[in-house]
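Fold and contact review
Each chain, written out:
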Amino acid sequence: MLREIFEQPEAIEKTIRPRLSLEDSRIKMADEVNIPAEELRRLNRINIVASGTSRHAGMAGQYMFQELAGIPVEVDYASEFEYRNPAIGAREITIVITQSGETADTMAAQRLAKQKGSRTIAISNVEGSTIAREADGVLYTYAGREVSIASTKAFSAQMAVLFLFAAYLGEVRGQLSHEALKSWIEQLLVLPQKAETTLESSEPCRRLAESFQHAEDFLFVGRAIHYPIAMDGALKLKEVSYVHAEGYPTGETKHGPNALIDENLPIVMVMTYEPGNPGSLLRYEKNLSALRGFKNQKAQVIALASENDKQVPALADHTIFVPQTSELLAPILEIIPLQLFAYYMAVIKGLDVDKPRNLVKSVMHE
Ligand code: BG6
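Here's what I pulled together on the structure shown here. (Residues numbered from 1 in each chain as written. Predicted model: local features only at pLDDT ≥ 70, side-chain atom pairs only at ≥ 80, totals over all residues. Heavy atoms only, no water.)

Our focus in this paragraph is the side chain of arginine 223. Positionally, arginine 223 belongs in the loop between strand 8 (217-222) and helix 13 (227-241). A distance of 3.4 Å separates a polar atom in the side chain of arginine 223 from the backbone oxygen of lysine 286. When neighbours within four sequence positions are excluded, arginine 223 is seen to be in contact with Thr250, Gly251, Arg283, Lys286, Asn287 and Ala290. (Helix = DSSP H or I, 4+ residues; strand = E, 2+ residues; numbered from the N terminus. Polar contact = N/O pair within 3.5 Å; in protein donor to acceptor, adjacent residues only side chain to side chain. Contact = heavy atoms within 4.5 Å.)

Okay, structure coming up:
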């Protein structure tokens, strides 16, 4: 797991670079997507279906598609998809996300979507996997073989390829100007280096795990595109350290979980922001007031903040800094310290980090 966490800069680079055409600042994806541009222009909706960590990537993708391509997105648990008898029309595509490409629930969901007339795009990390072979289009993540049961490098690579697909769709549908695309490409090119910098939080995360090794529960919170990162941070801790952890939208804590919050429930807040982005700054202000509220309730708060943030360290008990980037790309960096925290918590507890009990790398039976 630790090696795969440290392979993320390379996984992101290998997943992004082949799809970038720097000469004309375009994203090259038409062959892989394998759906005519005309059909992509007429699309009404995107369904995303996946399991586990892959579904959290889909939740982050939802924000990327809606912002960059202006297309509504629904995200489903693969294991629940058939039960809601999804009304899928011809002018929709279904994206199935799966590291292994063999997860039974996700495979069944793809087959159901096809039955209902939807084109499918598979995002997989395993070339030639069943789900990839059965899809109309395939976008591979080039994260390299992922052995550890808890998914790390495949997750950041999934979010990177979802971002590329959203930007590609945005351009094809005339939602994204060429200038805007050029600026996104510049930001993508420096993302691997920023992931490298984020790995420098390894030692502070180890110290944090040490100081919180006796905590029995954690609450991870995030707003908007950061909420799926809170979800996956909680999942990582559950998967490898067997400590109960819940991911929750920050604003939703007022409607229930607040009753749980006191000195015994450490809170991990994902609260980076993008200077110059009014929506992001508004959310940041709301996060600061939530942080003050949690402190008034004597909670121990670990905050994930943007580099050079002066306000958060003054309020939170512990702050881990993440390099500055756009809000839509920040999740790809934010997950790294949360993976490291979970990893060190498992090591401190003497657990088998790569093969946690009761889990397998791919659930191939429904
Ligand atoms: C679980 C793995 O079995 O399946 C998780 O332990 C993973 O790490 C989930 O996220 C989904 O797997 P896949 O291969 O479909 O992404």
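The subject of this paragraph is the nonpolar core. Grouped together as the largest cluster of nonpolar side chains are 86 residues, with contacts concentrated most on Phe65, Phe165 and Phe218. With sequence-adjacent residues up to four places away left out, phenylalanine 165 is seen in contact with Met29, Val33, Phe65, Ile93, Ile95, Ile121 and Leu139. Formed by 19 residues, the second largest nonpolar core is a distinct cluster that contains Val221, Ile261, Met269 and Phe294. (Core = buried A, V, L, I, M, F, W, Y, C linked by side-chain atoms within 4.5 Å. Buried < 20%, exposed > 50% of the residue type's maximum accessible area, 1.4 Å probe, protein only.)

Turning our eyes to something else, we now look at the site of the ligand. Surveying the vicinity of the ligand reveals 14 residues, the closest of which are Ser54, Gln99, Ser100, Thr103 and Val360. In this structure, an oxygen atom belonging to the ligand sits 3.0 Å away from a main-chain N or O atom of threonine 53. Within the backbone of glutamine 99, a nitrogen or oxygen atom sits 2.7 Å from an oxygen atom of the ligand. The site holding the ligand turns out to be the largest pocket. For the shell around the ligand, the per-class residue count stands at three nonpolar, nine polar and two charged. (Near = heavy atom within 4 Å. 1 Å grid on protein atoms, 1.4 Å probe; cavity = no way out; pocket = protein on both sides within 12 Å on 5 of 7 lines; lining within 4 Å. Sits in = over half its atoms within 2 Å of the grid points. Nonpolar A, V, L, I, M, F, W, Y, C, P; charged D, E, K, R; others polar.)

Within the open sheet, the five strands sit side by side as 9-8-10-11-12. Their pairing is parallel. Of all strands in the sheet, those with a lone pairing partner are strand 9 (244-249) and strand 12 (318-322), marking the two edges. Taking each pair of neighbouring strands and ignoring which way they run, the sheet shows an average axis angle of 20°. When strand 11 (residues 301-306) meets strand 12, the two strands line up parallel, connected through five bridges. Residue pairing in the sheet places serine 306 in a bridge with valine 322 of strand 12. (Pairing = 2+ DSSP bridges. Axes fitted to C-alpha atoms, helices over the stretch in contact; angles between N-to-C directions.)

Below, the discussion takes up the pattern of salt bridges. Per the counting criterion, the structure on display carries 24 salt bridges. Two residues, lysine 14 and glutamate 10, come together in a salt bridge whose shortest N-O distance is 2.7 Å. Of this pair, lysine 14 and glutamate 10 both sit in helix 2 (residues 8-16), four residues apart, roughly one helical turn. Assessed through its relative accessible area of 43%, lysine 14 is described here as partly exposed. Of the charged contacts, one joins arginine 111 and glutamate 134 as a salt bridge, the two residues approaching to 2.6 Å between their closest N and O atoms. Residue arginine 111 is found in helix 7 (residues 104-115), and its partner glutamate 134 is found in helix 8 (residues 130-134); the two are separated by 23 residues along the sequence. The network of salt bridges with common partners includes Arg45, Glu74, Asp76, Arg84 and Glu92. (Salt bridge = Lys/Arg side-chain N within 4 Å of Asp/Glu carboxyl O.)

In this structure the tally under the stated criterion is seven aromatic pairs. Look at tyrosine 273 and tyrosine 284: their rings are 4.3 Å apart centre to centre, the planes differ by 35°, and that puts the pair in the tilted class. Residue tyrosine 273 is found in the loop between strand 10 (267-270) and helix 14 (278-296), and its partner tyrosine 284 is found in helix 14; the two are separated by 11 residues along the sequence. Tyrosine 284 gets classed as buried once you look at its relative accessible area, which sits at 4%. Across from the ring centre of tyrosine 242, 3.9 Å away, lies the NZ or CZ of arginine 357, which sits over that ring. (Phe/Tyr/Trp six-rings, centres within 6.5 Å; stacked < 30°, edge-to-face > 60°. Lys NZ or Arg CZ within 6 Å of the ring centre and 35° of its normal.)

Purely spatial values, then, with no claim about function.
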